[in-house]
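Residue-level structure breakdown
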Amino acid sequence: MPKRELSNNIRTGATLWLKKSHGWNLRRLPISAAGRHSRRPQRPSGHETHLRRLEIRIFHYSAEVAERFAFFGVQANLINYLTDRLGQSVSAAAESVNTWFGTVSLLPLLGAFVADSYLGRYATIIIASLLYILGLGLLTTCVLLPAARPSDCQKSNKSISCSPPRLQIIFFFFSLYLVAVGVGGQKPCIQAFGADQFDGRNEGECIAKSSFFNWWCFGVFTGSIVAQSVTSYIQDNLNWGLGFGIPCIVMILGLLLFLLGTRTYRYNVQGHGRSPFMRISQVFISAAKNSLVTTPSLMSTEDIAGGSLHQHDSQQFKFLNKALIEGNGRQHSTIDDVEEAKAVLRLFPIGATCLAYAIVHAQSSTFFTKQGVTMDRSIGSGFDIPAASLQSFISIAVILSIPIYDCFLLPIARTLTRKPSGITMLQRIGTGMFLSIISMVVAALIEKKRLETAQEHGLVDMPNVTLPMKVWWLLPQYILSGVSNVFTMVGLHEFFYDQVPTEFRSVGIALCHCIFGFGSFLSSFLISAIEKATGRDGQDSWFNDNLNRAHLDYYYWVLAGLSAVGLSLYLYFAQSYVYNRRSIS
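Residues numbered from 1 in each chain as written. Predicted model: local features only at pLDDT ≥ 70, side-chain atom pairs only at ≥ 80, totals over all residues. Heavy atoms only, no water.

So, the packing of aromatic side chains
Under the counting rule described, the total for this entry stands at 24 aromatic pairs. Relative to F173, the ring of F172 has its centre 5.4 Å away and its plane inclined at 85°; by these criteria the two rings are edge-to-face. For the pair F172 and F173, one class covers both residues: buried. With a centroid separation of 5.1 Å and 85° between ring planes, the pair formed by F543 and Y555 is classed as edge-to-face. Here the residue F543 occupies a position in the loop between α19 (505-534) and α20 (552-575), and Y555 occupies one in helix α20, the gap between them amounting to twelve residues. By relative accessible area, Y555 is classed as buried at 0%. (Phe/Tyr/Trp six-rings, centres within 6.5 Å; stacked < 30°, edge-to-face > 60°. Buried < 20%, exposed > 50% of the residue type's maximum accessible area, 1.4 Å probe, protein only. Helix = DSSP H or I, 4+ residues; strand = E, 2+ residues; numbered from the N terminus.)

Set out below in structure tokens:
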């Protein structure tokens, strides 16, 4: 059966199921000349509309919070599991975490492709969530298998690396990457699906959609703060199986809550025309084939006026206009197709200049955590804070900053600028990038203080002895990281959702995640390169397993410099960026 016929059958079957099982009265509304449609339950009004929106937010946010709880329940303490249970070195474990997180952040591109071209967002969310749950279940099973324990591998103050059987390690990483596949399908779709519940053509809902991304971030970090605090403590002090099993149970509950809201959701369903991927790919292929063709102006004034974007937009990337040249008696691409391709292409310079920010973002779950392990984490008598739970202060900073930003700063900015978003999306992103530079400078200074403390007390060669320096010294770098997320991370998600063609919105969210994926891979590459460059001839590398002999402060200074260069390039491209004018401004 051809792929297109199969995908159409899946959509038709899903629609019939919704009609029969839920009694829906679906109607089709045109969105654009490209043949795209929106299917949704007939819209209620007044008080019913308010209740419906409340129901949607409860069901959708619950699923999002559950997914983030599950993800951070695995990711937050992963580096400690790799070093303590699988016997990896600090640098190798950091590379493993960054590689896994990079994969997690790149796979949403595949999930978005499947959703936007074949299954639709709702069906993709369901299938991906089931894979997610399966991966968590296998991960829990794996860590419950008998293996070597740290107590069997330690002598005095020095650790001897030991690891479980190779087959168990393969099973662990298979389960871990199955979780990544689930995240890849679920993550871009559930966020885009939530934003789809707001009509961008209505000014009131446009403002609500802008707030949606803020409160989506609030929900995400609410789930993460609980996971980082509760599951990290359980994993460190009780049992790793229970610590990974709880996220699995929470994910199951989140999926059930999401299914309960099925009757209340709005659904954007593709027509039976060409896939958005095929349309945009065809533009680049046709433009390349016609690159040597010389022709008069390809777009008349009437064509531009009838296009989906402003005339000034059509003057960018003019080489793509050659996709409009007819070949073999037929025109492969329309003006809308060309302008959609340009809209996607405009995103890449912005995304590329945010990579340094993404590298900084990767540090909180790796080296920040390992720093905390060496410091005094005691509260009162007999209770130590798990090092991984320190990441919860990023979430706390976000949770405290979002209401201040959304309820106080945004109304003031809207009054001054008369824009629904208050400040532009690019201004918001740039503000967070600047704060991330400050966070790296602060982290470098605090790490220098930690190393000086180890030297002053003669603990340089005693890595398993806790330094007489309170872990609260790390709070400034965590808090600054959280506040920068409020600006840059939320801004990037809104920007990539808003600036892509309507049918490409899952892909837009996926492209945003790809920034953080590439950032994690680049972080792994930097760690590997610096490890080789600084660890030659038996010297102590910057990432020595004994952090008292390492130089993470030097690494943080390098990241601060890279971030400054990235911000400079970002400002250059942001000044010339032309916004997609579909949004109400």
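A word on helix α17 (residues 425-456)
The periodicity of an α-helix, 3.6 residues per turn, causes residues three or four places apart in sequence to face the same way. Over its 32 residues, α17 runs 47 Å from end to end, which matches the ideal 46 Å to within 8%, given 1.5 Å per residue. Of the residues trailing α17, G458 is marked for its positive phi of about 65°. (Expected span 1.5 Å × (residues − 1).)

Some thoughts on the side chain of S129
Along the chain, the position of S129 falls in helix α5 (residues 121-144). The class for S129 is buried, based on a relative accessible area of 2%. S129 has contacts with Q186, M251 and L255, leaving out every residue within four places of it along the chain. (Contact = heavy atoms within 4.5 Å.)

A look at a nonpolar patch on the surface
A contiguous nonpolar patch, built from Y233, L238, L242, I379, F383 and W472 and spanning about 550 Å² of accessible area, is present on the exposed surface. By the element assignment, L238 lies in the loop between α7 (203-237) and α8 (240-260). (Patch = residues over 30% accessible without salt bridge, like charges linked within 9 Å, V, L, I, M, F, W, Y side chains within 5 Å. Areas by Shrake-Rupley, 256 points an atom, 1.4 Å probe, with all protein chains shown as cover. Salt bridge = Lys/Arg side-chain N within 4 Å of Asp/Glu carboxyl O.)

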